[in-house]
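Each chain, letter by letter, is given below.
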Amino acid sequence: MSVIDEIERELAEATGRLLATAARLTDEDLRAPSLLPGWTRGHVLTHVARNADSYVNLLSWACTGVRTPQYASARAREADIEAGAARPAAEQLADLRDSAGRFAAAVRRMPAAAWTALVSGMNPPDHPAWYVPIRRLREVEVHHADLGAGYGWADWPETYVRRELHDTMLWLGSESPAGEVVAREPGTGEVVRTWTGLGDGPVVEGTPRELLAWLAGRTDGAGLRFGAPQVPPRLDAPDARLRRDTPDAHPQRDAAGGPPSPPPWPKPSPAGLPAEPPSSWPPAGNQSREPREERS
């Protein structure tokens, strides 16, 4: 079993949830604003449908070796979304279902060797074709929540949250709004993972789900804890034994200042992905590609 099988199953489930939500929406519902500024729900559904077709283009590129852009141009992408946004709900639903079916069929047709081919979206970096289904799953999950129709970031599956936070932290680098990110287990507060050396921003702590939703620009950081960057104390200082995870080490950030703004999200993929589809993603027990990440 490879990551392709894993994502194919998750994507089928995520698509089913999105289609179920879309089936409940009326023409009036689709004319209402979504959670994305300037877009109605009709814009969001049209974008998800055209996104599926754009990824079929990338898989075709991988199969044939003929460079096939994800979209003809940024302007064409925007025009297609605008043109389809006002369609009736029944037409939107059929388009959403049929375009998802075309992508699923393209995945099934892919020769094993084609998954290693490098493709690129509208922005760098290039990435192997096996990452395209992961990108598609991201689009389905995030934009399902953007509809504001009963499914939100709190409903994202745990496997999706774990993978997306992993990848987000891989590509953030110097663009990170935080100097240190601490993921804690909900309920127990146990540290799951810590990323350090990210930049000059504050320490940010929260559950993996809260961190991902904030880094994805889907929350304002409510529920997260922001503190001053950790400065190693001098050995002869009175507080030399102060622990990183004590309350005094991470004072609550001044509410008047608010949390830092998250970076533009997401990049198409992390840089340096393995050429061959791994057995799972993120790779189980393999931390070699995450030099900034520390385990508690």
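Q: Please give an account of the packing of helix α6 (residues 132–146) against helix α7 (residues 158–172) that cites residues and values.
A: At a minimum axis separation of 12 Å, α6 and α7 run at an interaxial angle of 115°. If you check the angle between α6 and α7, you find them roughly perpendicular. When the axes of α6 and α7 are compared, the crossing they make is left-handed. From α6, Ile 134, Leu 137, Arg 138, Glu 141 and Val 142 reach across to α7, where they touch Tyr 160, Arg 163, Glu 164 and Asp 167.

Q: Describe the nonpolar core, and please don't skip the residues or the numbers.
A: Ranked by internal contacts, the top residues of the largest apolar core, which has 64 residues, are Leu 45, Leu 59, Phe 103, Trp 115, Trp 130, Trp 156 and Met 169. Ranked by residues supplied to this core, first place goes to helix α3 (residues 41–64) with nine residues. Dropping the residues within four chain positions of it, Leu 59 is found in contact with Phe 103, Ala 106, Val 107, Met 110, Trp 115, Ala 129 and Val 132.

Q: Could you give an account of the environment of Trp 195, naming the residues involved and the relevant values?
A: Inspection of the secondary structure puts Trp 195 in strand β4 (residues 191–195). Judged by relative accessible area, which is 4%, Trp 195 ranks as buried. Trp 195 sits 13 residues away from Val 182 along the chain, and the two C-alpha atoms are 6.5 Å apart.

Q: Summarise the pairing of β4; cite the residues concerned and give the values.
A: By the criterion of burial, β4 is predominantly enclosed, with four of the five residues buried. Relative to β4, strand β3 (residues 180–184) is paired through four bridges, and the arrangement is antiparallel. Across the sheet, residue Arg 184 finds its bridge partner in β4, namely Val 191. Between β3 and β4, which follow one another and run antiparallel, lie six residues, and Gly 187 among them has a positive phi close to 90°.

Q: Can you tell me about helix α5 (residues 89–109), naming the residues and giving the values?
A: What sets the pattern is the α-helix's 3.6 residues per turn: residues three or four places apart point alike. With 21 residues, α5 ought to run about 30 Å at 1.5 Å a step, and its terminal C-alpha atoms sit 30 Å apart, in line with that. Among the residues of α5, Ala 89, Gln 92, Leu 93, Asp 95, Leu 96, Ser 99, Ala 100, Phe 103, Ala 105, Ala 106 and Val 107 are the ones counted as buried. If you follow the buried residues of α5, they end up packed against α1 (3–24), α2 (27–31), α3, α4 (74–84) and α6.

Rules used throughout
- Numbering of residues begins from 1 in every chain and follows the order in which that chain's sequence is written.
- Reporting in this predicted model follows two pLDDT cut-offs: at least 70 for local features of residues, and 80 or more for side-chain atom pairs to be given and counted; totals over whole chains, interfaces and linings ignore these cut-offs and use all residues.
- To get the side-chain values, all heavy atoms of the structure are used, and hydrogens and water are removed first.
- Helix axes are fitted only over the stretch in contact, all axes being lines through C-alpha atoms; the angle between N-to-C directions runs from 0 to 180 degrees.
- Where helices and strands are cited, they refer to DSSP runs of H or I of at least four residues and of E of at least two residues respectively, numbered from the N terminus.
- Roughly parallel refers to an angle under 35 degrees, roughly antiparallel to one over 145, roughly perpendicular to one between 65 and 115, and oblique to any angle outside these ranges.
- Crossing handedness is defined as follows: a turn of the near helix away from the far one that is anticlockwise and smaller than a right angle gives a left-handed crossing, while the clockwise case is right-handed.
- By the convention used here, residues are in contact when the closest approach between their heavy atoms is within 4.5 Å.
- To qualify as a nonpolar core, a set must consist of buried Ala, Val, Leu, Ile, Met, Phe, Trp, Tyr and Cys residues joined through side-chain atoms within 4.5 Å.
- Burial here depends on accessible area, computed with a 1.4 Å probe over protein chains only, as a share of the maximum for the residue type. Under 20% is buried, over 50% is exposed, and the range in between is partly exposed.
- We call two strands paired when DSSP finds no fewer than two bridges between them.
- By this rule the span expected of a helix is its residue count minus one, scaled by 1.5 Å.

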